[in-house]
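# Topology and contacts: notes
The primary structure of each chain is shown beneath.
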Amino acid sequence: MGDVRGRRVILAANWKMNQVTAEAIGFISDFLPRVQGREDREVVICPSFPYLRAVKEALEGSWVKLGAQNLHWAEKGAFTGEVSPLMLKDAGCQHVIVGHSERRQHFAETDEMVNQKLKAAVAHDLLPILCVGETLAERETGRTEEVVLRQMNGTPKSSPPAAVTKLVIAYEPVWAIGTGRSAQPADAQMVAAWLRRTVGELFGVPVAERVRIQYGGSVTAMNIGSFMREADIDGALVGGASLSPETFAAIVNF
Ligand code: 13P
């Protein structure tokens, strides 16, 4: 498994709406040699849709995986501007980010939509990275658990345990995203432990023990180590710091 937790560490780069072809390709050729020998960790690069194919080609022969940042739940049809799980598989994706707070905030994604996307990802054998996290106001009014539970929207309950085992949950407090103000590792650990307990209550401890939980929000090469020391944090979903091959490689090699 490559880790004392018995769960494989997973570090994912969410490039968001950044990196055109030359930057994306340049990133991969610079990044790969820097993470040589770190196959014990699962590393996923999530570029924008138009660059999936180019990044896939650049990753050819390497152990680093390709992921997408979003998907539609239908396989095909009249959904102008959307991308289906079939298309993501066809483009070489193995992972997909689902329910990122920026999608919820700017594109009106509801818990219901996130739930449908999650089911579609599982049905197409795409490993979903489900994002949950509270706003500052929600945290300050003690509603973190309630909000996170609602965002999961009973998802685990409606999925077979085998699928839940493969789920990656990214705990990303909204106030920590892109702000340079990360959560305190101990606070992130508290939420991660609670998430794992919740999955355990729904599916039993063996499933909960296998679900991987990432922290996301202003992760840097400097602070990754302190998050990874926490017992229930199995990796990170990285935005800004994943745009530099040197920095993201330092995060992978924490
Ligand atoms: P930053 O790492 O830029 O804070 O973004 C986090 C994030 O939203 C990853 O999905």
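You'll find the structure just up there.
Here the structure is a predicted model, which is why all the values come from computation and not from measurement.

## Thoughts on the packing of helix α7 (residues 144–152) against helix α10 (residues 185–203)
- Axis separation between α7 and α10 bottoms out at 11 Å; the angle between their running directions is 50 degrees. When the axis of α7 is compared with that of α10, the two are oblique. Judged by the sense of rotation from one axis to the other, the crossing of α7 with α10 is right-handed. Two secondary-structure elements touch here, α7 through Thr 144, Glu 145, Val 148, Leu 149 and Met 152 and α10 through Val 191, Trp 194, Leu 195, Thr 198 and Val 199.
- Grouping the constituent residues of the contact of α7 with α10 by class yields seven nonpolar, two polar and one charged.

## Considering empty space enclosed by the protein
- Under the definition given, this model contains one cavity of 30 Å³ or more.
- Around the largest cavity sit Gly 99, Ser 101, Arg 104, Cys 131, Val 132, Gly 133, Gln 151, Glu 172 and Val 174, which together line it.
- Elements with a contribution of two residues or more to the lining of the largest cavity: α4 (101–106) and β5 (127–132).
- Residue classes in the lining of the largest cavity are distributed as three nonpolar, four polar and two charged.

## Some words on the pattern of salt bridges
- In the structure shown here, the tally under the stated rule is 15 salt bridges.
- Among the salt bridges present, the one from Glu 42 reaches Arg 8, with a minimum N-O distance of 3.8 Å. A residue pair is termed long-range when its members are at least 10 positions apart, and Glu 42 in strand β2 (residues 42–46) and Arg 8 in the segment before β1 (10–14) qualify at 34 residues.
- Glu 146 serves as the salt-bridge partner of Arg 143, at 3.5 Å between the closest nitrogen and oxygen.

## A short note on the packing of aromatic side chains
- Here the structure, examined in full by the defined rule, presents four aromatic pairs.
- With a centroid separation of 5.4 Å and an interplanar angle of 25 degrees, the aromatic rings of Phe 31 and Phe 248 are classed as stacked. One end of the pair, Phe 31, is in helix α1 (residues 21–34); the other, Phe 248, is in helix α13 (residues 245–252), and 217 residues separate them in sequence.
- Classification of Phe 31 by relative accessible area gives buried; the value is 0%.
- Judged by its relative accessible area of 0%, Phe 248 is buried.
- One aromatic cluster in this structure is built from Trp 15, Phe 27, Phe 31 and Phe 248.
- In this arrangement the basic side chain of Arg 41 is found over the ring face of Phe 254, its NZ or CZ atom lying 3.9 Å from the centre.

## Structural notes on the sheet that holds β5
- Strand order around the closed barrel formed by eight strands is β1-β2-β3-β4-β5-β6-β7-β8, with parallel pairing between neighbours. The mean inter-strand angle of the sheet, taken between neighbouring strand axes irrespective of direction, is 25 degrees.
- Pairing of strand β4 (residues 95–98) with β5, which is carried by four bridges, proceeds in the parallel orientation. Within the sheet, the bridge partner assigned to His 95 lies in β5 and is Leu 127.
- Of the strands in this sheet, β4 and β5 are in contact with helix α5 (residues 111–123), which crosses β5 at around 160 degrees.
- Where α13 meets the sheet, its contacts fall on β1, β2 and β8 (235–238), and the angle it forms with β1 comes to roughly 160 degrees.

## What to know about α1
- In this model α1 runs 20 Å from its N-terminal to its C-terminal C-alpha over 14 residues, within 8% of the 20 Å that 1.5 Å per residue would give.
- All of the buried residues in α1 are Ala 24, Phe 27, Ile 28 and Phe 31. Projection of α1 onto a plane perpendicular to its axis shows the buried side chains occupying an angular sector of 100 degrees, all on one side. Pointing more than 90 degrees away from the buried face of α1 are the exposed residues Ala 22, Ser 29 and Pro 33.

## Regarding the nonpolar core
- Residues Phe 31, Ile 45, Leu 195 and Phe 248 are the most contacted members of the largest nonpolar core, which totals 64 residues.
- Broken down by element, this core gets its largest block of residues, seven residues, from α10.
- Other than its neighbours up to four places away in sequence, Phe 248 contacts Leu 11, Ala 12, Ala 13, Phe 27, Phe 31, Val 43, Ile 45, Val 238, Ala 241 and Ser 242.
- Judged by nonpolar contacts, the second largest core, of 11 residues, contains Ile 10, Ala 12, Cys 46 and Ile 97.

## Brief notes about the environment of Leu 88
- Tracing the sequence through the fold places Leu 88 in helix α3 (residues 85–90).
- Residues Leu 88 and Arg 53, spaced 35 residues apart in sequence, show a C-alpha to C-alpha distance of 9.7 Å.

## Describing the site of the ligand
- Close contacts around the ligand come from 13 residues, with Lys 16, His 100, Gly 178, Ser 218 and Gly 240 the closest.
- Interatomic distance of 2.8 Å between a backbone N/O atom of Gly 240 and an oxygen atom of the ligand.
- Across the shell around the ligand, the residue classes tally to four nonpolar, seven polar and two charged.

About the thresholds
Residues numbered from 1 in each chain as written. Predicted model: local features only at pLDDT ≥ 70, side-chain atom pairs only at ≥ 80, totals over all residues. Heavy atoms only, no water. Axes fitted to C-alpha atoms, helices over the stretch in contact; angles between N-to-C directions. Helix = DSSP H or I, 4+ residues; strand = E, 2+ residues; numbered from the N terminus. Parallel < 35°, antiparallel > 145°, perpendicular 65-115°, else oblique. Left-handed = near helix turned anticlockwise from the far one by under 90°. Contact = heavy atoms within 4.5 Å. Nonpolar A, V, L, I, M, F, W, Y, C, P; charged D, E, K, R; others polar. 1 Å grid on protein atoms, 1.4 Å probe; cavity = no way out; pocket = protein on both sides within 12 Å on 5 of 7 lines; lining within 4 Å. Points joined across faces, edges and corners; volume = space filled by probe spheres on them. Salt bridge = Lys/Arg side-chain N within 4 Å of Asp/Glu carboxyl O. Phe/Tyr/Trp six-rings, centres within 6.5 Å; stacked < 30°, edge-to-face > 60°. Buried < 20%, exposed > 50% of the residue type's maximum accessible area, 1.4 Å probe, protein only. Lys NZ or Arg CZ within 6 Å of the ring centre and 35° of its normal. Pairing = 2+ DSSP bridges. Expected span 1.5 Å × (residues − 1). Arc of directions from axis to C-beta. Core = buried A, V, L, I, M, F, W, Y, C linked by side-chain atoms within 4.5 Å. Near = heavy atom within 4 Å. Polar contact = N/O pair within 3.5 Å; in protein donor to acceptor, adjacent residues only side chain to side chain.

Remember, this is a structural readout, not a statement about activity or role.
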